[in-house]
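# Structural overview
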Amino acid sequence: MVMRISRPMKRAGTKNEQFKKRVPDVLLPILRGKKLSIYLPETTAPDSVTYVVTVTLGDMITFSLGVPASRLAKVRHAAALGHVEAFLDAAQRGPEDLSHLEITSLLGEIHKALLAQHEANPPARHMVVVEDGVEEWSELSEWQEMITDAEVGIRTMTPQGRAAAVSRVSRIIDVDAFLSARAVMLSEKSYRDLVEGLPSTLRRVVETLAQRSHGNYSADPYAPQYPQWKAKTTSARRLTEEYVKTFDDLFDRWKAEDKRAASTISTWRGYVARFTKFVGHDDPHRVERVDALRWKDALVAEGLKKISTTYLAALNTLYRFGLRDSETTGINRNPFEGVKAPQKAVAGTRRLPFTRPEVALILSAARKEKLAHLRWVPWLQAQTGSRVAEIAQLWATMVITDDAGNPCLNITTAPDGGSLKNEGSERVVPIHPDLIADGFLEFVKSRGKGPLFYGGSKGKAATQLRDDQKHPSKGVSNRVGTWVRGLGITDKRKGPTHSFRHWFKSELPRISKCNILLVNAIQGHSAEGDAAGYYHPETPEMLEAISKLDLKGMADSVLKAEQLTDA
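Everything numeric in this text was worked out from a predicted model, so none of it was measured.

## Some words on the overall build of the protein chain
When its secondary structure is counted, the protein chain shows 23 helices and nine strands. The buried share of the protein chain, taken over its 567 residues, is 46%. The long-range fraction of contacts in the protein chain, counting pairs at least 24 apart against all pairs at least 6 apart in sequence, stands at 67%. In the structure as shown, the protein chain presents an accessible area of about 29,000 Å², 53% of it carried by carbon and sulfur atoms.

## Description of the side chain of N316
With respect to the helices, strands and loops of the structure, N316 is situated in helix α12 (residues 311-324). Given a relative accessible area of 14%, N316 falls into the buried group. Leaving out residues up to four positions away in the same chain, N316 has contacts with N334, F336 and E337.

## With respect to the environment of A183
Inspection of the secondary structure assignment puts A183 in the loop between α6 (175-181) and α7 (188-213). Judged by relative accessible area, A183 falls into the buried class, the value being 5%. A C-alpha to C-alpha distance of 8.1 Å links A183 and A91, two positions 92 residues apart in sequence. Sequence-distant contacts of A183, defined by excluding residues within four places in its chain, comprise A86, F87, A90 and R93.

## Observations regarding the packing of helix α14 (residues 356-367) against helix α20 (residues 499-512)
Between α14 and α20, the shortest axis-to-axis distance is 11 Å and the interhelical angle comes to 110 degrees. With respect to their mutual orientation, α14 and α20 come out roughly perpendicular. Crossing of α14 over α20 shows left-handed handedness. Across from R356, V359 and I362 in α14, the residues of α20 making contact are F500, W503, E507 and R510. Among the residues forming the contact of α14 with α20, the class breakdown is four nonpolar, no polar and three charged.

## Thoughts on the packing of helix α10 (residues 262-279) against α12
Contact geometry of α10 with α12 gives a least axis separation of 9 Å together with a crossing angle of 90 degrees. Looking at the two axes, α10 sits roughly perpendicular to α12. Between α10 and α12, the residues in contact are W268, Y271, V272, R274 and F275 and Y311, A313, A314, L315, T317 and L318, respectively. Looking at the contact of α10 with α12 residue by residue, the class counts come to nine nonpolar, one polar and one charged.

## Considering the confidence of the model for the protein chain
Looking at the protein chain as a whole, its pLDDT mean stands at 84, while 87% of the residues score no less than 70. No element of the protein chain has a lower mean pLDDT than helix α8 (residues 235-238), at 41, and none a higher one than helix α17 (residues 433-437), at 96. Note on residues 1-6: pLDDT is under 50 here. Beyond four places in sequence and across chains, it has 15 contacts.

## Concerning the packing of aromatic side chains
Under the defined criterion, the tally for this structure stands at 16 aromatic pairs. Between the aromatic rings of F354 and F500, the centroid separation amounts to 5.0 Å while the plane-to-plane angle is 80 degrees, which identifies the pairing as edge-to-face. Taken as a pair, F354 in the loop between α13 (326-329) and α14 and F500 in helix α20 lie far apart in primary sequence, 146 residues in all. Here F354 falls in the buried class, since its relative accessible area comes to 2%.

## Re the pattern of salt bridges
One pass over the structure, following the stated rule, counts 28 salt bridges. Between R367 and D556 there is a salt bridge whose closest N-O contact spans 2.7 Å. Taken as a pair, R367 in helix α14 and D556 in helix α23 (residues 551-566) lie far apart in primary sequence, 189 residues in all. For R367, a relative accessible area of 28% puts it in the partly exposed group. By relative accessible area, which is 17% here, D556 ends up buried.

## Things to note about unusual backbone geometry
Residue M157 is not a glycine yet carries a positive backbone phi of 60 degrees. With respect to the secondary-structure elements, M157 resides in the loop between α4 (139-155) and α5 (159-168). Even without being glycine, K513 reaches a positive phi, approximately 65 degrees. Here K513 is to be found in the loop between α20 and α21 (516-523).

## Quick look at helix α11 (residues 289-301)
When the terminal C-alpha atoms of α11 are compared, their 18 Å separation across 13 residues agrees well with the 18 Å that a helix rising 1.5 Å per residue should span. Regarding α11, the residues found buried are D291, A292, W295, K296 and L299. Mapping the buried residues of α11 onto a view down its axis gives an arc of 135 degrees, with all of them on the same face. Each element contacted by the buried residues of α11 is listed here: α2 (71-93), α10 and α12. Following α11 by one or two positions, G303 adopts a phi angle in the positive range, close to 85 degrees.

## As for the sheet that holds strand β7 (residues 399-401)
With antiparallel pairing, three strands are arranged side by side in an open sheet as β7-β8-β9. Of all strands in the sheet, those with a lone pairing partner are β7 and β9 (427-430), marking the two edges. Strand-to-strand, the axes of this sheet are offset by a mean angle of 40 degrees, without reference to chain direction. Sheet analysis places β7 next to strand β8 (residues 407-411), joined by three bridges and oriented antiparallel. From the neighbouring strand, V399 faces β8, where its bridge partner is L409. Helix α22 (residues 539-546) contacts β8 and β9 of the sheet and is inclined by roughly 45 degrees relative to β9.

## Some remarks on the environment of Q381
Mapping Q381 onto the fold places it in helix α15 (residues 372-384). Q381 sits 116 residues away from T497 along the chain, and the two C-alpha atoms are 8.2 Å apart. Contacts of Q381, omitting those with residues within four sequence positions, involve S386, R387, V388, I391, T497 and F500. Here the side chain of Q381 touches T497 through a polar contact of 3.1 Å, landing on its backbone oxygen.

## What about the environment of V84?
Structurally, V84 can be placed in helix α2. For V84, a relative accessible area of 0% corresponds to the buried category. When neighbours within four sequence positions are excluded, V84 is seen to be in contact with F19, K21, L36, I38 and I61.

About the thresholds
- Residues numbered from 1 in each chain as written.
- Predicted model: local features only at pLDDT ≥ 70, side-chain atom pairs only at ≥ 80, totals over all residues.
- Heavy atoms only, no water.
- Helix = DSSP H or I, 4+ residues; strand = E, 2+ residues; numbered from the N terminus.
- Buried < 20%, exposed > 50% of the residue type's maximum accessible area, 1.4 Å probe, protein only.
- Contact = heavy atoms within 4.5 Å.
- Areas by Shrake-Rupley, 256 points an atom, 1.4 Å probe, with all protein chains shown as cover.
- Axes fitted to C-alpha atoms, helices over the stretch in contact; angles between N-to-C directions.
- Parallel < 35°, antiparallel > 145°, perpendicular 65-115°, else oblique.
- Left-handed = near helix turned anticlockwise from the far one by under 90°.
- Nonpolar A, V, L, I, M, F, W, Y, C, P; charged D, E, K, R; others polar.
- pLDDT = per-residue confidence, 0-100.
- Phe/Tyr/Trp six-rings, centres within 6.5 Å; stacked < 30°, edge-to-face > 60°.
- Salt bridge = Lys/Arg side-chain N within 4 Å of Asp/Glu carboxyl O.
- Expected span 1.5 Å × (residues − 1).
- Arc of directions from axis to C-beta.
- Pairing = 2+ DSSP bridges.
- Polar contact = N/O pair within 3.5 Å; in protein donor to acceptor, adjacent residues only side chain to side chain.

Encoded structure:
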């Protein structure tokens, strides 16, 4: 399970807020045991002085924010999150080779940081008694000795010597903490170059601080010599309040604009959660193309089907949305662009339609049912070729009369949040005469103005659903499917409800001799091509074609066969 942390956390035994963030699994072998230093503000002021928190990295990055729940805790958490995300960015990029200019600018950062820390109160000078009299001493003289010792270590030209040099000046500057706080991971060569340039930089700091201790606060003569350091990470920019910080943020923004069906939202959330678990973090900005490719390969290795149109399509859609609104999301690339899992259709897996005897069996069995959804949903599917969800979410108010007086189904979004697959799914379809003769309109009237197949005996509407909450008609659809399987139609290639659409697509033009455009219009299939989109049949034309389907005769044929068998 991926842990999503975007706010301070509580910890038992203390009132102070905690910072917690999981280290991505892929980075654990690199970072475990290393130290990370984080600069946190003392106050909420924009120019607040900072203090350092140093943590040893394990599975989690955890430390106290030093205060109970408050604005200061939130400010510190935001600052910590920026440091941590930048550091993880750097770790994911790997050790970097810096140019001489960049190394020099990093040394300038050290120079600037030490002056900022000490120049207001330079290390004091003291007069101490020695054997030969009185001698002036200051901490700066100790610094000089440390620097000299460091130079000796560096001259050995060995990693051990450089490590000793870094350790010797650690009281002046903790080099590793300095680099981690600035989200910099250096290659071996660049680290060596930085350490070798360190003594001369520290001597310049000592010289300027000595001037400050004598009251000379004129401009530092060395500051202009260092080029400005330009961090390679974009994490600081991503901390802008309006930018998305997690996949949840990105998903919620997309969901608010796209208005997909609740079932799609629920399913896609699962895809996103699966990806964040795979990649080991919840930051959409840090995802690279290689992450998308690795995930695609992992899904293929699992033997999953339709990967391009499910898992990859979900993430691709999110990133396209983020890239489109990059000014407010901060997303500046789509790592899933062009990532596909070409999977050839395997013989023996394509969806099959019901046969005429199977449709007859279902219709005959439905006639004997007392439960409304089992009695009417199969018949409505058989006469319209609709998706089961479109029928299951019908309300009594969605049964209307056209201009010619024909009873029709107004297949549209349900008043309580039931949705359609796409724009082309919205349509008006006349009701087959066989359903009218069997009492369907009387049943509709008994439901008042509410849902036909859920909501209890009085057809009460569902309460206002959350965007990602499944519509109650989903349960109706599932129960119909289970019932069909119970009739003995167990072929996995035949969807217990969806195979009606396949049957209808072939059966209606064969029986009524109508064109495929009319069939598409009745079923709510999107028009193929711009020209087809201009075709809008009238309901009487639909009714003439639908009426050619002898639904009653099909259901009666099963009863007659049963009677002959019994005889």
